[in-house]
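Observations on the model geometry
Residue-level listing of the chains:
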Amino acid sequence: MSEKHMQTPKKNRRKIWWLVGIIVLVLAILGGFKAYSMYTNAQHTAKQTYQKAKTPTIRNVSKVIKNKKPLNVLILGTDTGALGRKNKGLSDTMIVATLNAQKETTYMTSIPRDTEVTINNTTEKINAAYTIGGASQSIKTVQTLLDVPIDFYVVMNMGGLKELVNSVGGVDVTPPLTFKYGAANVKKGVKTHLNGKQALSYSRMRYDDPDGDYGRQKRQRQIILAVVRKALSISSVTRFQTILNSVQKNMKTNLTFNDMLALRFSYKNASHHIKSTTLEGESQTIDGLSYQVASLSERRRVSNKIRKELGLSATKKLTDTTNTTTNQTTTSASSSSTDTGTTSAYDSSTSQTTSSSATPNPAP
């Protein structure tokens with residue numbers, strides 16, 4: 001065999017490796033472009049959703065995040081957008097989410113929409129705080145009611161919830177009861193996949209639930225957690241952009257882009273174990289309106305649970321601010337419904353564990 005024929009295979013192999021190298025380089029560049037595009041899109045979305053709260057934070061939140069200390073995020077779900085409403089709306093969903101990076105836990109405390117509070121020396125339902133003064137007034141009201149610091153807030157309108165659920169491809173839930181309401185038709189204990197419209201109906205139903213608003217709060221927490229877990233598992237660039245578009249149109253927060261990145265990488269495992277409770281009250285009629293009035297002992301119970309998760313000492317500031325007007329009448333006793341193994345309704349002492357085998361993808 002001639003020397004020419006002996007060298008040809010080597011030359012061909014070199015050409016092949018050069019071709020492979022070029023392909024790899026092109027893919028790397030494209031991958032880097034996509035990563036950069038995702039990053040800039042996320043940054044743009046963060047700028048669009050950012051809205052500084054007028055109420056100053058009690059703590060130095062930058063230092064809290066830097067040291068990976070437990071923190072509180074107030075989640076507000078408003079009724080704007082769901083039924084074509086254009087006004088500021090009421091915060092019918094109010095949850096204090098306590099994130100603990102070290103323990104890898106999230107403690108969710110629901111506050112009933114009809115909880116009695118005093119705003120500007122006037123008796124109000126707590127869901128009116130958002131109408132009166134936006135997120136800032138809601139933060140101030142919760143901090144006064146429970147004596148806990150609110151580090152960040154997130155406002156999502158109910159119409160946005162529908163879009164957000166669709167953007168993650170729907171969510172799976174196991175209903176605590178059987179009911180048909182709007183687009184939702186579910187059976188107790190049967191795992192069900194819900195699209196955005198169905199999830200919205202599922203989270204809104206109240207009157208057919210034997211636990212009333214307390215039952216609705218439990219289902220709202222289910223939807224929120226399902227969306228968070230689904231979003232963390234998504235790797236598709238197209239789906240990621242869809243989520244960003246949904247968030248941009250339907251969310252406001254005082255989280256900056258850097259805050260979001262810090263939370264994403266420092267607190268991402270906080271969703272592994274979920275605990276929850278609800279501030280409970282007695283049903284009372286005040287000036288012809290129905291309220292849930294939380295006793296001083298109940299407020300202290302909830303406050304101390306949150307403060308313990310934050311690593312803070314027990315509250316010493318809470319006082320009984322219940323109205324004592326003569327036209328206040330008790331119409332029924334406090335909710336007596338309980339879950340197995342709990343100390344009060346929906347006060348779960350057993351954490352829900354999610355799989356940690358999959359590594360969540362970077363997100364804002």
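Source: prediction; values computed, not measured. (Residues numbered from 1 in each chain as written. Predicted model: local features only at pLDDT ≥ 70, side-chain atom pairs only at ≥ 80, totals over all residues. Heavy atoms only, no water.)

Quick look at the overall build of the protein now. Helices and strands together make up the secondary structure of the protein, namely 9 helices and 16 strands. Within the protein, buried positions represent 47% of all 364 residues. When contacts within the protein are restricted to residue pairs at least 6 apart in sequence, those whose partners lie at least 24 apart make up 69%. (Helix = DSSP H or I, 4+ residues; strand = E, 2+ residues; numbered from the N terminus. Buried < 20%, exposed > 50% of the residue type's maximum accessible area, 1.4 Å probe, protein only. Contact = heavy atoms within 4.5 Å.)

In this section: the packing of helix H4 (residues 158–167) against helix H5 (residues 196–204). With their axes 7 Å apart at the nearest point, H4 and H5 run at an angle of 135° to one another. With respect to H5, the axis of H4 lies oblique. The two elements H4 and H5 cross, and the hand of that crossing is right-handed. Contacts from Met158, Leu161, Lys162, Val165 and Asn166 of H4 reach H5 at Gly196, Lys197, Ala199, Leu200, Ser203 and Arg204. Looking at side-chain class alone, the contact of H4 with H5 contains 5 nonpolar, 3 polar and 3 charged residues. (Axes fitted to C-alpha atoms, helices over the stretch in contact; angles between N-to-C directions. Parallel < 35°, antiparallel > 145°, perpendicular 65-115°, else oblique. Left-handed = near helix turned anticlockwise from the far one by under 90°. Nonpolar A, V, L, I, M, F, W, Y, C, P; charged D, E, K, R; others polar.)

It is worth spelling out the side chain of Gln292 at this point. Inspection of the secondary structure puts Gln292 in strand E14 (residues 289–293). Relative accessible area serves as the criterion here: at 14%, Gln292 is assigned to the buried category. Setting aside anything within four residues of it in sequence, one finds Gln292 in contact with Asp114, Thr115, Glu116, Tyr214, Gly281, Glu282 and Ser283.

Bringing the packing of helix H3 (residues 129–146) against helix H9 (residues 296–310) into the picture now. Where H3 contacts H9, the axes come no closer than 9 Å and their chain directions differ by 105°. Comparing their axes, H9 and H3 come out roughly perpendicular. Touching Thr144, Leu145 and Leu146 of H3 are Arg299, Val302, Ser303 and Ile306, all from H9. Across the contact of H3 with H9, the residue classes tally to 4 nonpolar, 2 polar and 1 charged.

Our next topic: the pattern of salt bridges. Applying the stated criterion across every chain yields a total of 9 salt bridges. The partner of Arg301 in a salt bridge is Glu298, with the nearest N and O atoms 2.8 Å apart. Of this pair, Arg301 and Glu298 both sit in helix H9, 3 residues apart, which is roughly one turn of the helix. One salt-bridge network, held together by shared partners, links Asp92, Arg113, Asp114, Lys125 and Arg206. (Salt bridge = Lys/Arg side-chain N within 4 Å of Asp/Glu carboxyl O.)

As enumerated under the stated definition, the model contains 1 aromatic pair in all. Across from the ring centre of Tyr291, 5.8 Å away, lies the NZ or CZ of Lys125, which sits over that ring. Positioned above the aromatic ring of Tyr202 is the side chain of Arg219, whose terminal nitrogen or guanidinium carbon lies 5.9 Å from the ring centre. (Phe/Tyr/Trp six-rings, centres within 6.5 Å; stacked < 30°, edge-to-face > 60°. Lys NZ or Arg CZ within 6 Å of the ring centre and 35° of its normal.)

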